[in-house]
Amino acid sequence: MYSHPTALVIGAGIGGIAAAARLARCGYQVTVVEKNAKPGGRCDQLIRDGHRFDIGPTLFLMPEIFAETYAALGERMQDHLDLRRIDPTYRIRFDDGAELALTSDLHAMREQIEAIEPGSLSGLLRYLAEGHLHYHLALERFVGRNFYNLLDYFSPQNLPLLFQLKALKKHYDNVGNYFQHPHLKAAFTFQNMYLGISPYDALATYSLIQYTELADGVWFPMGGLYRVIETLESIAQAQGVRFRYNTPVKRIQVNGNRATGIVLQDDSELAADVIVANADLPYVYRHLLPDEGAAKRLGRLKYTSSAIMFYWGVDKSYPQLGVHNVFLSGDYRASFDRIFKDKTLPDEPSFYVHAPARIDPATAPAGQDTLMVLVPVGHIDDAAAQDWGALQARARVAVLRRLAAIGAGDLEQHLKFEASYTPRDWQTRYNLAKGAAFGLSHNFMQVGYLRPQNRHPRYRNLYFAGGSTHPGTGLPLVLLSARLTTERILKEMGVPQPAPDLKFATADAA
Ligand SMILES: Cc1cc2nc3c(=O)[nH]c(=O)nc-3n(C[C@H](O)[C@H](O)[C@H](O)COP(=O)(O)OP(=O)(O)OC[C@H]3O[C@@H](n4cnc5c(N)ncnc54)[C@H](O)[C@@H]3O)c2cc1C
């Protein structure tokens, strides 16, 4: 039976494509069914009037994890992606007019941060040393492995990790050990928003992000982040994976403790030995499976923030913007409370602007700009009064006002077109539960073995790969999820597998 086992993958997000390609390489006959017309999920792309936008991810971090995925598929990342390092990583603008360009150049960094807080260079060096420890310990012992039971997770070997990784401490509190000035504390914690969590709730472990950005770099694949999707899809196809687009799944069929197949929107049925759900895990429980109790329990978990997005094609270039620009609001704490407690748009929103034409001129016509704006907001909450149209309009005014302050006051007159997403779009386009842009949150009770596992507890051939299962959200972690899920399938379904390798292939991105 296992000479040609079959697998169905629900969703062609990066997690679905990577899991499909890995399974195909191990001898599975794989079909991917995707509701949308093209692959990518949140890592989507919009091309209009000569402007090319990445819809979701714009930051390529942790290149070694991407390199491991290509290597596991028998390919070399550098044959598929032309990666360019972005340094300074970000230009941060505070609301009092102060600026900081985060960079791996320690001399340039010293000049800037010492001007803000004398003596802070030593704090930075200690902070990066801690981030280095967190990054490597977390990847090797926590994020890059499966936990098969609670004892596996809370084992005597793992317990010291709680302290070494500062998993019981909040990130914002911890950064106070290294910096006192609010600008520096903000500059070295706002990155938690990539995981859709507040630095006031995030584990101090997540200093690993600031470390990897400065040490391993922030990269940009020429052609945009969508190149990752295009190249992985074509590698998967070469391994024999069949992709079916415009094919929404209506239901997963179950019998006893097995998932037997899927029912498509047109009521046709497909059967397989193994099913991998890449669609957002809480959505799968609520809409594709029969167990309402489990869906309700998942509904009560913590979710990440959402985002109001603007995609602007402009007929002028704005040199005051770098590739990655962060505009932070004055009341840092209040802005997170408004997002995570009140589930709304902060009174003074912080936001991020991506202007890729500086690194990749093909993203805009000559002399013009392609601007993507991400404004973090609360996720959809039926109990909160949320008028997304009004919040979208308020976000737009706030962004244009801040951009005017840096000399881009004429931007609205130079708009050729605008596309915009609210949390409702994240929900309907990609079936993200509550429109939470990054899926389930990553608080202490929702990571490791405590996060919904990558195999269904009852249906023993139904697996998950994606941002809302172990190890978590963001492109690198979702690639890890695809790897861990595939390893688990091969282990549990009895197909011979190569020895698990927790050491990642060396990234020769540089
Ligand atoms: C605004 C934004 C910015 C981000 N920025 C970054 C960044 O800079 N760097 C980074 O690393 N990460 C970033 N992320 C996170 C990253 O995009 C996600 O973690 C990752 O793309 C999730 O991939 P996935 O495969 O888990 O899920 P998805 O991308 O959600 O894919 C799931 C797929 O399942 C499909 N599907 C759903 N339901 C069905 C159904 N019933 N039938 C068939 N198909 C179905 C969906 O259409 C989708 O294609 C960002 C996310 C957002 C939203």
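No experiment lies behind these values; they were computed from the predicted model shown. (Residues numbered from 1 in each chain as written. Predicted model: local features only at pLDDT ≥ 70, side-chain atom pairs only at ≥ 80, totals over all residues. Heavy atoms only, no water.)

1. Regarding empty space enclosed by the protein
Scanning the entire structure with this criterion turns up 1 cavity of 30 Å³ or more. Volume-wise, the largest cavity comes out at about 160 Å³. Around the largest cavity, the lining comprises 13 residues; the ones closest to its centre are Phe142, Tyr153, Leu161, Leu162 and Ala167. Considering only residue class, the lining of the largest cavity consists of 11 nonpolar, 2 polar and no charged. (1 Å grid on protein atoms, 1.4 Å probe; cavity = no way out; pocket = protein on both sides within 12 Å on 5 of 7 lines; lining within 4 Å. Points joined across faces, edges and corners; volume = space filled by probe spheres on them. Nonpolar A, V, L, I, M, F, W, Y, C, P; charged D, E, K, R; others polar.)

2. Brief notes about the sheet that holds strand 2 (residues 29-33)
The sheet built from 5 strands is open, its strands ordered 9-2-1-13-19 with parallel pairing. Two strands in the sheet have a free side with no partner beyond their single neighbour: strand 9 (242-244) and strand 19 (462-464). Taken pair by pair, the neighbouring strands of this sheet meet at an average axis angle of 20 degrees, ignoring direction. Across 4 bridges, strand 1 (residues 6-10) lies against strand 13 (residues 274-277) in parallel orientation. Within strand 13, the residue paired with Ile10 across the bridge is Ala277. Helix-sheet contacts for helix 16 (residues 475-493) involve strand 13 and strand 19, and the interaxial angle to strand 19 is about 160 degrees. (Pairing = 2+ DSSP bridges. Helix = DSSP H or I, 4+ residues; strand = E, 2+ residues; numbered from the N terminus. Axes fitted to C-alpha atoms, helices over the stretch in contact; angles between N-to-C directions. Contact = heavy atoms within 4.5 Å.)

3. Regarding the site of the ligand
The environment of the ligand is formed by 37 residues, the closest being Glu34, Asn278, Tyr283, Gly474 and Leu475. In the environment of the ligand, an oxygen atom lies 2.8 Å from a nitrogen or oxygen atom belonging to the backbone of Gly474. With the chains in place, 97% of the 1,000 Å² that the ligand exposes on its own is no longer accessible. Counting only elements with at least two residues in the shell around the ligand, the list comes to helix 1 (14-25), helix 15 (423-430) and helix 16. For the shell around the ligand, the element with the highest residue contribution is helix 16, accounting for 3 residues. (Near = heavy atom within 4 Å. Polar contact = N/O pair within 3.5 Å; in protein donor to acceptor, adjacent residues only side chain to side chain. Areas by Shrake-Rupley, 256 points an atom, 1.4 Å probe, with all protein chains shown as cover.)

4. As for helix 9 (residues 207-215)
With respect to burial, helix 9 is a largely interior element, 8 of its 9 residues being buried. In the stretch just after helix 9, Gly217 is the one whose phi turns positive, near 100 degrees. (Buried < 20%, exposed > 50% of the residue type's maximum accessible area, 1.4 Å probe, protein only.)

5. Digging into the pairing of strand 16 (residues 351-354)
Burial of the side chains of strand 16 extends over both faces: Phe351 and Val353 are buried on one face and Tyr352 and His354 on the other. The pairing of strand 15 (residues 324-327) with strand 16 spans 4 bridges and is classified as antiparallel. Each residue of the ladder has a partner; that of Val326, found in strand 16, is Tyr352. Sheet analysis places strand 16 next to strand 17 (residues 369-377), joined by 3 bridges and oriented antiparallel. The residue bridging Tyr352 from the neighbouring strand is Leu374, located in strand 17.

Geometric descriptors of this kind do not, in isolation, establish any biological role.
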